[in-house]
Amino acid sequence: MSVSQGVKCDHCGLPVPAGLVEPEAEHQFCCNGCKMVFEAIRGCGLDRYYAIKDDLDDTSVQGRTTGKQYEEFDDGAFADLYVRPAGENLHSIELYLESVHCAACVWLIERLGQVVKGVIQTRLDYGRSLARIVWDPEVVKLSTIARTLDSLGYPCHPYRGVKTRDVRRREDRSHLIRIGIAGACAMNVMVIAFGFYDPNSQDMDPVLWHAFRWASLGLTLLSLLWPGRVFYVGALASWRTRMMHMDVPVALALTLGMVWNALNTVRGVGDVYFESLSAVIFLLLIGRWIQHKQQRAAHDAVELLCSLTPVSARKVDPDTGDVQNVPVEALQSGDRVEVRSGDSIPVDGVVVEGASDLDAGILTGESRPVPIGANDLVHAGTVNLSRRLVVEVHATGEATRIGRLMQLVEQSAKDRPPVVRLADRIAHWFVIAVVFLAALTFGGWVFVSMEEAVDHAVTLLIVTCPCALGLATPLAVIASVGRAAQRGILIKGGSVVEQLARSGLLLLDKTGTLTAGRMELVHWYGDDAAKALLLAAEREVSHPIAAAVVRSLEESHSAPAEAMSVDVSQHLGGGLTGQVAGSPFCIGSPKFVQQQGCAISDEHQRAVEDVLGRALTPVLIARNGAACAVAGFGDPVRDDAPAIIARLQREGWQVRIISGDHPQVVHAVGAQLGLNEIDCMGALAPEDKLHIVQEAVRGAAHPVVMVGDGANDAAALAAADVGVAVHGGAEASLAAADVFFTTEGLDRIEQLIDGSRATMGVIRGNLGVSLGYNLVAGTLAIAGVINPLLAAVLMPISSLTVVTLSYRSRTFGA
Amino acid sequence: LTVPALYIVFPLALVIAAVAVIAYIWATRSGQFDDLDTPGMRMLHDEDDGPSGKSGN
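The structure contained in this document is the topic of the report that follows.

Conventions and cut-offs
- Residues numbered from 1 in each chain as written.
- Chains lettered and ligands numbered in written order.
- Predicted model: local features only at pLDDT ≥ 70, side-chain atom pairs only at ≥ 80, totals over all residues.
- Heavy atoms only, no water.
- Helix = DSSP H or I, 4+ residues; strand = E, 2+ residues; numbered from the N terminus.
- Buried < 20%, exposed > 50% of the residue type's maximum accessible area, 1.4 Å probe, protein only.
- Areas by Shrake-Rupley, 256 points an atom, 1.4 Å probe, with all protein chains shown as cover.
- Pairing = 2+ DSSP bridges.
- Salt bridge = Lys/Arg side-chain N within 4 Å of Asp/Glu carboxyl O.
- Axes fitted to C-alpha atoms, helices over the stretch in contact; angles between N-to-C directions.
- Contact = heavy atoms within 4.5 Å.
- Phe/Tyr/Trp six-rings, centres within 6.5 Å; stacked < 30°, edge-to-face > 60°.

1. Re the overall build of chain B
Alright, step 1. Within chain B, the regular secondary structure consists of two helices and zero strands.
Alright, step 2. The proportion of buried residues among the 57 residues of chain B is 21%.
Alright, step 3. Carbon and sulfur atoms provide 71% of the accessible area of chain B, an area that totals close to 4,100 Å².

What follows is the structure, given as structure tokens:
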């Protein structure tokens, strides 16, 4: 389709296709959706939106209206779930809006009250596209508000994570408060400490001298007991699990330092160095906050995606036969729901009316559609592909097969052993070494004097305080995770990076991971005239294979699709017969074509066998009673897959395919990727996949990585050391995975592994710097060359080095 | 000597710091740090200047 260069859409700013340019019209649009949104915005008198947008020079694609009715938003069950009271006779709800992308959107959405009477307030959280709407239910219905948002180009969905979000918000706030208090204490103690840095500080007014020391003591104690408590909680937990981590040396150094300084303050002799204690607390809390934020961002993104799943079902009234949109939660066993073609089935149940084809890939991983008819069992989450169905509800929500699968996911995530991180392993030995050395230092110097012994031992503890050690990993990881996110790789936990840095076992799902996950024309035997006939005929019918034929022919077939007039009738069992230009034709499976009395020559018979040998679905085209072409349909392997698999194998990864698809198909894919037949397993149920992953994780010293997309992979993703969900995956797999990709392509796996290796290099560098620093300063402390004050001044230098190294590093190709 | 001034200034400094910390805690608890992106954009828009609006700001 040609696009005229000059004309830009007045709504979204994209070029307008030449065919749609209307020379007389005042405004030009690239599509009807933009036109509708433009008119809605103008109609509401909100055209200043465009002025703001121009100022921002924003050219990203705008939302489109969906034209949904949102009836289910008015249902009682919906209200129970999502609507909350907001003061006198008012209600509030949080909606997740699609296609919020710039400051102009904030402006537009927050002016909703001017457009819809009864909307009291709208506040948008831009970062997460969540709008909180307060409205008066007496004046306006929620569905009206939702329809208005939709017409402005922001299709909306109820936000499902309100409860967890509230918990997290409280968590976030207390975290911030802790940082604030620790910071205030540290800064004030630091200012006071400047007074003592003067070599003549002993000549200070004695009242002030004591007051300063007591004030420092008070502030540090406050910082230690309130924000610093988290380290003791962490240290206690680590003590109980007998696994030392960073909190143990921190808690130890803080306690010893505190006790010693408090004694000096009370006795009124010796030096104090509260500033370093309070600075340690402050800096380490910041390190934790960074780590926390980084994990939170990916979790948030997943939750928002989960809000996109349909919440409504079309319930059929048993008496009148009327269809009404209701929330899935309002359905009960025995109800009947209508499922239109293209919709996913909302419940587990039995088909009572209609016959269609079902994409059960979400549960089985099988890419071929399954025909279903009356009395067949259907499961929630599967997609109805071709014709309308009426389903009698047997189970909803958690009682469905997919619901039970999700419980399995949660369980396997819980059972997964915790990752022992490099920094924690080091901390384990570090604690032992430092405590041992401190005891040795004390023991050595006690022969000189008690005073010196304590002084040097405490200096050692202060100077080796694992501040930089504690920051080394989180900083390197956050820097990488941020850059990975820009490249469409969302990483939920920092431990993923450490796990992926070593080669291990890579388990790949087939459908949607190694393949595109949809039917395409892969093989063709015959002339182009037959192709044109096939295209024209399949356009006339609705069947999943027909849709695949049309799509892939339109993409590849360059001949003009002239209006070839065909007369088609569809037969049960997936065959077509008809007339074209006076001559009869027939299209379908070899069996169907034979039944229609068409002759299949040896040549075409061989072509059919060839197609079957490649695990493709053969379709024969016959004209005038004789076969003239053979097409092979299947789910093709991604172009980049063989090269990437080969590279990973060279680097020591063991690659296997585990799929729910037919073993023959899996073997065919494996052969194309150069994998041995024993490494390609097919016909696996979700439970089998989980079992395979658990076995692998239990036995192996190397990481087990699972890559998948469907809900059938979710449990396995959760059980693997690292679960990776690829683009377009079911939301269940997103929630279970540690990493997910927001863009398509297998090369993301390559980037993820490369990036992880680079990040691990930075982490090692950081740990090396901080340990090396500790070694030098520790030696000086043991030798009695530096005093606690100098140690406190030196301490932040290693932290600064680590910060610089982390942010200057180039991981994830940035 | 200037020392006695510190007798007043030092406690005063601590009190001011305490006030700042309390203000910070209040701000955090009332949710002012929950969303750090949107308010920055909101302030770019002039307060309501009528439905028809003037262009440019």
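2. Let's talk about the pairing of strand β16 (residues 389-395) of chain A
Residue and element names in this part refer to chain A.
Alright, step 1. Taken across its seven residues, β16 has five buried, putting it largely inside the fold.
Alright, step 2. Sheet topology places strand β10 (residues 336-339) next to β16; four bridges connect them, and they run antiparallel. Of the residues in β16, the one forming a bridge with Val-337 is Val-391.

3. Points about the pattern of salt bridges
Residues and elements named next belong to chain A.
Alright, step 1. Here the structure, examined in full by the defined rule, presents 16 salt bridges over all chains.
Alright, step 2. The closest approach of N and O atoms between Glu-338 and Arg-314, which form a salt bridge, is 2.7 Å. Taken together, the residues span a long stretch of sequence, with Glu-338 in strand β10 and Arg-314 in strand β8 (residues 312-316) at a distance of 24 residues.
Alright, step 3. Taking the relative accessible area as the measure of exposure, Glu-338 reaches 9% and is therefore buried.
Alright, step 4. Across the salt bridge formed by Glu-695 and Arg-698, the nearest N and O atoms sit 3.1 Å from each other. On the criterion of helical spacing, the pair formed by Glu-695 and Arg-698 is a turn pair, its members being three residues apart in helix α25 (residues 686-699).
Alright, step 5. On the basis of relative accessible area, Glu-695 is assigned to the partly exposed category, the value being 42%.
Alright, step 6. In this structure Arg-698 comes out as exposed when scored by relative accessible area, which is 61%.
Alright, step 7. Residues joined by salt bridges that share partners form a network here, namely Arg-647, Glu-651, Glu-750, Asp-754 and Arg-757.

4. What about the sheet that holds strand β19 (residues 520-526) of chain A?
Residues and elements named next belong to chain A.
Alright, step 1. With antiparallel pairing, six strands are arranged side by side in an open sheet as β19-β24-β23-β22-β21-β20. The sheet is open, and its two edges are formed by β19 and β20 (566-571), each paired on a single side. With strand direction ignored, the average angle separating the axes of adjacent strands in the sheet is 20°.
Alright, step 2. The pairing of strand β23 (residues 617-623) with strand β24 (residues 626-634) spans seven bridges and is antiparallel. Bridge pairing in β24 links Ile-621 to Ala-629.
Alright, step 3. Running over the sheet, helix α22 (residues 602-613) touches β19, β23 and β24 and is turned about 5° from β24.

5. Let's talk about the environment of A:His101
All names here are of chain A.
Alright, step 1. Along the chain, His-101 falls in the loop between β4 (91-97) and α4 (103-110).
Alright, step 2. Of the residues examined, His-101 reaches a relative accessible area of 18% and is grouped as buried.
Alright, step 3. Separated by 25 residues in sequence, His-101 and Tyr-126 have C-alpha atoms that sit 8.0 Å apart.

6. What to know about the packing of aromatic side chains
All names here are of chain A.
Alright, step 1. Summed over all chains, the structure comprises six aromatic pairs over all chains.
Alright, step 2. Pairing Tyr-70 with Phe-73 gives two aromatic rings, centres 5.1 Å apart and planes at 75°, and the pair type is edge-to-face.
Alright, step 3. Accessibility expressed as a relative area gives 1% for Tyr-70, which makes it buried.
Alright, step 4. Exposure remark for Phe-73: the relative accessible area of 3% places this residue in the buried category.
Alright, step 5. Between Phe-78 and Tyr-82, the aromatic rings sit 4.9 Å apart at their centres with planes inclined by 55°, giving tilted as the arrangement. One end of the pair, Phe-78, and the other, Tyr-82, are both in helix α3 (residues 76-82), four residues apart, so they sit about a helical turn from each other.
Alright, step 6. On the basis of relative accessible area, Phe-78 is assigned to the buried category, the value being 0%.
Alright, step 7. Through pairs of rings, three or more aromatic residues link up here, namely Tyr-70, Phe-73, Phe-78 and Tyr-82.

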